[in-house]
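# Working through the structure, step by step
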Amino acid sequence: MKMSWYYRILLSYAPIFFLVISVLIFSFFAVLNNSAQEQISWTEEAIATKVMQAVDNNLKAAERMVIKDIYMNEVLAPFFQENIDRTVYDFFLISRKLDDFSAMLPFSNSIYLYNEQTGKVLSRSGLSSLEQFGDRDFLLDAYRSGRNSSGWSSPRIFKEFSHEAGGERVVTLFKYFPFSGDKRGAVVVNVRVSALLGFIKDLTRYDTGLIQLYAENGASFDTYQPSQQSKAASPGERTPAVSDYTGWHYVSGAESDKKLSYLSLFHDFWIMVGLAAVIAGIAWFTYITHRNYKPIQAIAGRIHDYSKRRNEELVRHTTKDELKFIESAIDGLLERSSQYEQLYKDDLPVRKRQRLAEWLEGNTLMNEMQWKQEMRKLQLPSDFHSMLVSVMEIDRHSDFTAAYNPRDQYLLKFAVSQVLQEIAESMRVTLWNEWLEPHQMAAVFYMSDSDENERERAMDCMRQLQTWIDVNLEFTVSIGTGTETPFYSEANRSYDEARERLLHKPLFASNCFLEHKDSRPKGEGRIFPHLQLLSTLARSYRLDDGQWPVHLNKLAHCLQTGQFCQADLHQIMDYLLYQFHKEMTELPDEVQQLWADEALPQLEAISNHAISLTDWHERLSRVLAELEPRIRETRAVRNHHLLMNRVKQYIEMYYADPDLSLNKLSDHFELNPRYLSKLFKEEFGEKFIDYMLKVRLEEASRLLLQTELPVQEIAERVGYQHVISFHRAFKNMFGLPPGDYRKKSDSTRNTGE
């Protein structure tokens, strides 16, 4: 077949294309390259200078603050004074002052002080000797040589503790104390390199490194960039901006320099550019012409291939003109159109199911008129006053698929669908029902404005279907209904509501009928408030205090009164298993083995097989209750189990005694303190002091939330003589001081109310 139409299109606009495009290409590239390169070069150098000034200003401000605040501060000065006895509290005040000063500096940093006389180093982490200090080598070298006392150092690795692995890259400001006269120590400020690089990226708003920073010795601040010595010089490379203050080099425009250098290669070869433009132009208009011709070629080719495969020719006489060839083929196809009318009728059920799925899932883009026309084609109602969607779901679908083969499943579903249509016909209700999912059937009920009871009859249809399945078949179904809507475009909302209500079957068991009245308000963070209760339940079970059934009943009550779906129960069960695993690892190996072999498989199967929240609660209680005496028996085999329970009870009874200690317990029970501590850790998985702190602070938390007692009195009630110690311990456990903890809880309750 000759492509005469193709060549006609191809040659129609070739002369004009060559003339106009060639002129534009030569003019454009002649002007663009030089002006763009000069402008970008000036801009990048200006940016590098501004960034250098901003960094220098911040570092200078930090140095001024060190000289002003640290050297003249009345709290920090005593650290360097000689022959003064200082208490732990004095060092604590100095450490706090270091924290306050560190927060005032412009970059993320760390600070430490060095006293030459005592050989001690004080940092934000505490007081340590020089031999144990991780930055000892740098400190001694700088202190003895004085090389780093005039400004900021190059990037280096800083470790605060000698046993610490790795470290972090910092630049350091080293200052003697005092600033003049005989030196008694030093002040060292470390600024994190990552903070400097982050500051530069924030200034340039360019994450891939528009500005590259190098130290005076050529080392790159960014570990992913090569040093200046290792970089090969290029003809168009930018002159770096060098800081007079730090000596650091600021290099800009690496990526754009490469791109412009590539572009400049073509600046002296305009003949090559012209030839490339002509070649590209030919390729371009050839491609466009081919693309425009491709539909005609594809149609003609398919018709020609089809005619060869069939005994009866669609085209009786071939022609050189493609359009006439297609016209002849269309005439032949019209003769066959009647053969497809029957196929259309045969495909009607499939198209109805597909159209219903698209409609209820909100994927249809038709307007109301187009939708009504489509409904008439599918022989379905198009005029109605309102509609609602109901969804029927097979309970325990996994058991259903296991009991019946695919053929029987199809027959049962077909029977259910036919029964629903017969019930609806007998009750004069119009509906459209299809199986959209393997386990769900959707039914759309159409209602007119002349019958007020039609909605109730529609619901009765679903109830009768549910009863019929329960009596005649060996499985049950649950039904969820959406709200009534007068608009066809809102049917997907009614469908989503019906499916959403079926998600809450665990609250109502199987074979349930869920309407709008069964819905409960949906709150945010439904699972998070119960995570602490799950943790308490697992801990109570491990401690064998007999309170785990109370916590489990409380959890079941919270779930019953809230709006929880099957997915929520799976998440709650997963978190509960995680908490049990964490608690059981603290018990002896025999108990852990018993838990892994017998309890864990049963617990993992509960959320998948429980048909309701009540069933889930009963199964979980039964498994834990059956395992409890066996765990207790296993633990009792160890002769110290009863004794350790008495120790634990003694702690819970006398936790308010400020003199309660491991020595006092060992005297009371006539045991060696170290042996008593070892037995307690083996039995309960935590140290004596940790358990005593937990008992005291949990009681303090309860008093803060349930009483108006002052913090001082609460501290005394739980065994703390000094309120500062109580504040520190409470903040370590709950993340907030006692006063803030009470205020936050009060505001949370007020917000909830």
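Predicted model, so just to flag it, every value in this text is computed and none were measured.

The next subject is the overall build of the protein chain. Looking only at helices and strands, the protein chain has 27 helices and 14 strands in total. Counting over 753 residues, the protein chain shows a buried share of 42%. At a minimum sequence separation of 6, the contacts of the protein chain that also span at least 24 residues come to 66%. As displayed, the protein chain has an accessible area near 42,600 Å², and 53% of this comes from carbon and sulfur atoms.

The subject of this paragraph is the packing of helix H10 (residues 348-360) against helix H11 (residues 368-377). Where H10 meets H11, the axes come as close as 11 Å, and the angle between the chain directions of the two elements is 150°. In this view, H10 runs roughly antiparallel relative to H11, as classed from their interaxial angle. Both H10 and H11 take part in a crossing whose hand is left-handed. Residues Leu348, Arg351, Arg355 and Trp359 of H10 lie in contact with H11, whose contacting residues are Trp371, Glu374, Met375 and Lys377. Of the residues in the contact of H10 with H11, the class split is four nonpolar, no polar and four charged.

A few words on the pattern of salt bridges. Counted under the stated rule, the structure contains 16 salt bridges. Arg455 is paired through a salt bridge with Glu484; the nearest N and O atoms lie 3.8 Å apart. Taken together, the residues span a long stretch of sequence, with Arg455 in helix H14 (residues 454-472) and Glu484 in the loop between strand S13 (477-481) and helix H15 (491-502) at a distance of 29 residues. Under the relative-accessibility criterion, Arg455 is labelled partly exposed at 23%. Here Glu652 and Lys648 are joined by a salt bridge, their closest N and O atoms 3.5 Å apart.

Glancing now at the pairing of strand S6 (residues 185-192). Among the eight residues that make up S6, seven are buried, leaving the element largely enclosed by the rest of the structure. With seven bridges connecting them, strand S1 (residues 109-115) and S6 associate as antiparallel partners. Each residue of the ladder has a partner; that of Ser110, found in S6, is Asn190. In terms of strand pairing, strand S5 (residues 168-177) meets S6 through eight bridges, oriented antiparallel.

Averaged over all residues, the pLDDT of the protein chain is 77; the fraction at 70 or higher stands at 77%. Taken together, the stretch residues 232-236 has pLDDT below 50 and engages in two contacts with residues farther than four places along the chain or on a different chain. Long-range and interchain partners of residues 520-525, a stretch whose pLDDT sits below 50, account for eight contacts in this model, where long-range means more than four residues apart.

Within a beta sheet, neighbouring strands are joined by backbone hydrogen bonds and run either parallel or antiparallel to one another. Pairing is antiparallel across the open sheet formed by six strands, whose spatial order is S3-S2-S1-S6-S5-S4. The open sheet has two edge strands, strand S3 (126-129) and strand S4 (156-158), and neither has a second partner. The average undirected angle you get between the axes of adjacent strands in this sheet is 35°. With respect to the sheet, helix H4 (residues 136-145) is in contact with S1, strand S2 (120-123), S4, S5 and S6, its orientation differing from that of S5 by roughly 35°. Running over the sheet, helix H5 (residues 193-204) touches S5 and S6 and is turned about 45° from S6.

Turning our eyes to something else, we now look at helix H3 (residues 88-104). Relative to the 24 Å expected for 17 residues at 1.5 Å per residue, H3 spans 25 Å between its end C-alpha atoms, a close match to the ideal helical length. Those residues of H3 that fall on the buried side of the exposure criterion are Phe91, Ile94, Ser95, Leu98, Phe101 and Ser102. Down the axis, H3 shows its buried residues gathered within 120° of arc, on one side only.

Inspection of the secondary structure assignment puts Ala498 in helix H15. Between the alpha carbons of Ala498 and Met392 there is a distance of 9.0 Å; along the sequence they are 106 residues apart. Leaving out residues up to four positions away in the same chain, Ala498 has contacts with Val389, Val391, Gly480, Thr481 and Gly482.

Below, the discussion takes up the nonpolar core. Formed by 40 residues in total, the largest nonpolar core has its most connected members in Trp152, Phe221, Trp248 and Tyr250. Listed by contribution, the elements that provide at least two residues to this core are helix H2 (14-70), H3, S1, S5, S6, H5 and strand S7 (211-214). Looking at this core, the element that brings in the most residues is H2, giving nine residues. In this structure, Val647, Ile651, Ala700 and Tyr720 belong to the second largest nonpolar core, which totals 31 residues.

Below, the discussion takes up the sheet that holds S13. In space, the five strands of this open sheet follow the order S11-S12-S10-S13-S14, with mixed pairing throughout. Strands at the two margins of the open sheet, each flanked by one partner only, are strand S11 (430-437) and strand S14 (513-514). Across eight bridges, strand S10 (residues 386-394) lies against strand S12 (residues 440-447) in antiparallel orientation. For Val391, the partnering residue across the bridge sits in S12 and is Ala442. Of the strands in this sheet, S10, S12, S13 and S14 are in contact with H14, which crosses S12 at around 155°.

On the surface, Tyr89, Phe92 and Ile724 cluster together into a nonpolar patch covering about 290 Å² of accessible area. Looking at the element boundaries, Phe92 is found in helix H3. A residue is classified by how much of its surface remains accessible, and Phe92, at 32% relative accessible area, is partly exposed.

Let's shift gears to the side chain of Gln440. Within the secondary structure, Gln440 sits in strand S12. When its relative accessible area of 6% is taken as the criterion, Gln440 is described as buried. A polar contact of 2.8 Å, which involves the side chain of Gln440, links it to the side chain of Glu393. The residues touching Gln440, leaving out its near neighbours within four places in the chain, are Val391, Met392, Glu393, Trp435, Tyr495, Arg499 and Leu502.

A rise of 1.5 Å per residue sets the reference length of helix H13 (residues 406-426), with its 21 residues, at 30 Å; its end C-alpha atoms lie 31 Å apart and thus fit the reference within 8%. Buried within H13 we find Gln409, Leu412, Lys413, Val416, Ser417, Val419, Leu420, Ile423 and Ala424. Summarising the axial view, the buried residues of H13 lie within an arc of 155°, below the 170-degree limit, and thus occupy one face. Among the exposed residues of H13, those oriented more than 90 degrees off its buried face are Arg407, Tyr410, Glu422, Glu425 and Ser426. If you follow the buried residues of H13, they end up packed against S10, helix H12 (397-403), S11, S12 and H14. Among the residues trailing H13, Arg428 stands out with phi positive, at a value near 55°.

Criteria and thresholds
Residues numbered from 1 in each chain as written. Predicted model: local features only at pLDDT ≥ 70, side-chain atom pairs only at ≥ 80, totals over all residues. Heavy atoms only, no water. Helix = DSSP H or I, 4+ residues; strand = E, 2+ residues; numbered from the N terminus. Buried < 20%, exposed > 50% of the residue type's maximum accessible area, 1.4 Å probe, protein only. Contact = heavy atoms within 4.5 Å. Areas by Shrake-Rupley, 256 points an atom, 1.4 Å probe, with all protein chains shown as cover. Axes fitted to C-alpha atoms, helices over the stretch in contact; angles between N-to-C directions. Parallel < 35°, antiparallel > 145°, perpendicular 65-115°, else oblique. Left-handed = near helix turned anticlockwise from the far one by under 90°. Nonpolar A, V, L, I, M, F, W, Y, C, P; charged D, E, K, R; others polar. Salt bridge = Lys/Arg side-chain N within 4 Å of Asp/Glu carboxyl O. Pairing = 2+ DSSP bridges. pLDDT = per-residue confidence, 0-100. Expected span 1.5 Å × (residues − 1). Arc of directions from axis to C-beta. Core = buried A, V, L, I, M, F, W, Y, C linked by side-chain atoms within 4.5 Å. Patch = residues over 30% accessible without salt bridge, like charges linked within 9 Å, V, L, I, M, F, W, Y side chains within 5 Å. Polar contact = N/O pair within 3.5 Å; in protein donor to acceptor, adjacent residues only side chain to side chain.

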